[in-house]
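# Examining the three-dimensional arrangement
As a plain string of letters, each chain reads:
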Amino acid sequence: MKIIIVENHNELSVLVAQKIATYINHNPNTLVCFAAGDTPLGMLRELVTMQSRKEVDLSSVWYAQLDEWIGLGIEDIGSCVRVMTDVFFGPANIPKERIHLFDGLDPDTNGQCRAMEKWIAAHGGIGLTLLGIGMNGHIGFNEPGTPDREGCFTVSLDDTTKSVSVKYFGAERSVSTGITIGWYELMQARTAILMVCGEAKAPIVKASLKGEVTVDVPASLFQNHSSLTVMLDKAAASLL
Ligand code: PGA
């Protein structure tokens, strides 16, 4: 595991974007999977800017959506598809056929999971994944105590995830289930980047990187990833 610490969120966004752009330039046609929380937003905007400067072609790769709130769709402020479309897929002009999304409104969650697994397999597995760490240590919607099984699945959302969700929706919404690419599948990604910022995350960063490897802290499972770079601002790294 490589750990990179920079001064602040802005610097982090630029550095992670540069790393991802370099990867994309060297691996066109690979499959990438980006988290949609608050942490990567600046990085995603930076990638779009880099593309406008012709430093990267973001349509040269394929995309798999990491996770989604069950019951929410593109019309819903704060849904993962809405965030990714508004901040990244739209401004970067990524052709629809390059993107595979979870449909949080489709009651056939099993079908959604199998379709995502097929998409990942058809593109040779995930080349690069950019992940955040939730306040409870979750990765995507791999919540604490996450099932030890392959593929994609639905998960009952942890109370912490439910309370944190208000910041995305701007109001309370009754969300109880998430659909996600599972940690086992993410562990197979050839390159993984964990991006974290802010003092509030310092304790969970410490538990994830220095603590026991346990499904109770899903991010800790990534200590065993074969090619992991953890990229942090100073505040998030303050307890390491
Ligand atoms: P955040 O979410 O970037 O909004 O803190 C992190 C996550 O839950 O993955």
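Residues numbered from 1 in each chain as written. Predicted model: local features only at pLDDT ≥ 70, side-chain atom pairs only at ≥ 80, totals over all residues. Heavy atoms only, no water.

### Brief notes about the site of the ligand
- Residues in close proximity to the ligand include Gly37, Asp38, Thr39, Gly132, Ile133, Gly134, His138, Lys167, Tyr168 and Lys201, which together make up its full environment.
- In this structure, Asp38 approaches the ligand through a main-chain N or O atom, which is 2.8 Å from an oxygen atom.
- Here Lys201 contributes a side-chain N or O atom positioned 2.7 Å from an oxygen atom of the ligand.
- Isolated, the ligand exposes 280 Å² of accessible area, and the fraction of that covered by the protein chains is 89%. (Near = heavy atom within 4 Å. Polar contact = N/O pair within 3.5 Å; in protein donor to acceptor, adjacent residues only side chain to side chain. Areas by Shrake-Rupley, 256 points an atom, 1.4 Å probe, with all protein chains shown as cover.)

### Quick notes on the pattern of salt bridges
- Per the counting criterion, the structure on display carries eight salt bridges.
- A salt bridge links Asp38 to Lys167; the nearest nitrogen and oxygen atoms lie 3.3 Å apart. Here Lys167 lies in helix α6 (residues 166-169) and Asp38 lies in the loop between β2 (31-34) and α2 (41-52), a separation of 129 residues in the sequence.
- Its relative accessible area of 48% is what places Lys167 among the partly exposed residues.
- Asp76 serves as the salt-bridge partner of Arg173, at 2.8 Å between the closest nitrogen and oxygen. Within this pair, whereas Arg173 is found in the loop between α6 and β8 (177-181), its partner Asp76 is found in the loop between β4 (67-69) and α3 (80-89), the two being separated by 97 residues in sequence.
- Given a relative accessible area of 35%, Arg173 falls into the partly exposed group.
- Among the charged side chains, a salt-bridge network with shared partners connects Glu46, Arg53 and Glu55. (Salt bridge = Lys/Arg side-chain N within 4 Å of Asp/Glu carboxyl O. Helix = DSSP H or I, 4+ residues; strand = E, 2+ residues; numbered from the N terminus. Buried < 20%, exposed > 50% of the residue type's maximum accessible area, 1.4 Å probe, protein only.)

### What to know about the pairing of strand β10 (residues 228-233)
- With six of six residues buried, β10 is to be regarded as a mostly interior element.
- Neither face of β10 is left uncovered, since the one carrying Leu228, Val230 and Leu232 and the one carrying Thr229, Met231 and Asp233 both have all their residues buried.
- Summarising the sheet, strand β1 (residues 2-6) and β10 pair through five bridges and their orientation is parallel. Looking at the pairing, Val6 lines up with Asp233 of β10.
- Pairing analysis gives five bridges linking strand β9 (residues 191-196) to β10, with the strands arranged parallel. Residue pairing for β10: Leu194 is matched across the bridge by Val230.
- At this point the chain moves from β9, through helix α8 (residues 202-210), to the parallel β10, and the crossover so formed is right-handed. (Pairing = 2+ DSSP bridges. Right-handed = clockwise from strand over helix to strand, strands pointing away.)

### Overview of the sheet that holds β2
- Strand order in the open sheet formed by seven strands is β1-β10-β9-β6-β2-β3-β5, and the pairing between neighbours is parallel. Looking along the sheet, the strands with just one partner apiece sit at the ends: β1 and β5 (99-100).
- Bridge analysis of strand β3 (residues 62-64) against β5 gives two bridges, and the strand direction is parallel. Residue Tyr63 lies in a different strand from β5, and its bridge partner there is Ile99.
- Set on the sheet, helix α1 (residues 9-26) makes contact with β1, β2, β6 (128-131), β9 and β10; between it and β9 the angle comes to about 170°. (Contact = heavy atoms within 4.5 Å. Axes fitted to C-alpha atoms, helices over the stretch in contact; angles between N-to-C directions.)

### Notes on the nonpolar core
- Core analysis: the biggest nonpolar cluster contains 42 residues, and Ile20, Phe34, Tyr63 and Phe88 have the highest contact counts within it.
- Elements with a contribution of two residues or more to this core: α1, β2, α2, α3, β6 and β9.
- Here the element with the most residues in this core is α1; it accounts for seven residues.
- Apart from residues no more than four positions distant in its own chain, Tyr63 is found in contact with Leu31, Val32, Phe34, Leu58, Phe88, Phe89, Ile94, Arg98, Ile99, His100 and Trp119.
- Trp62, Cys113, Ile179 and Trp183 belong to the second largest nonpolar core, which has 37 residues in total. (Core = buried A, V, L, I, M, F, W, Y, C linked by side-chain atoms within 4.5 Å.)

Remember, this is a structural readout, not a statement about activity or role.
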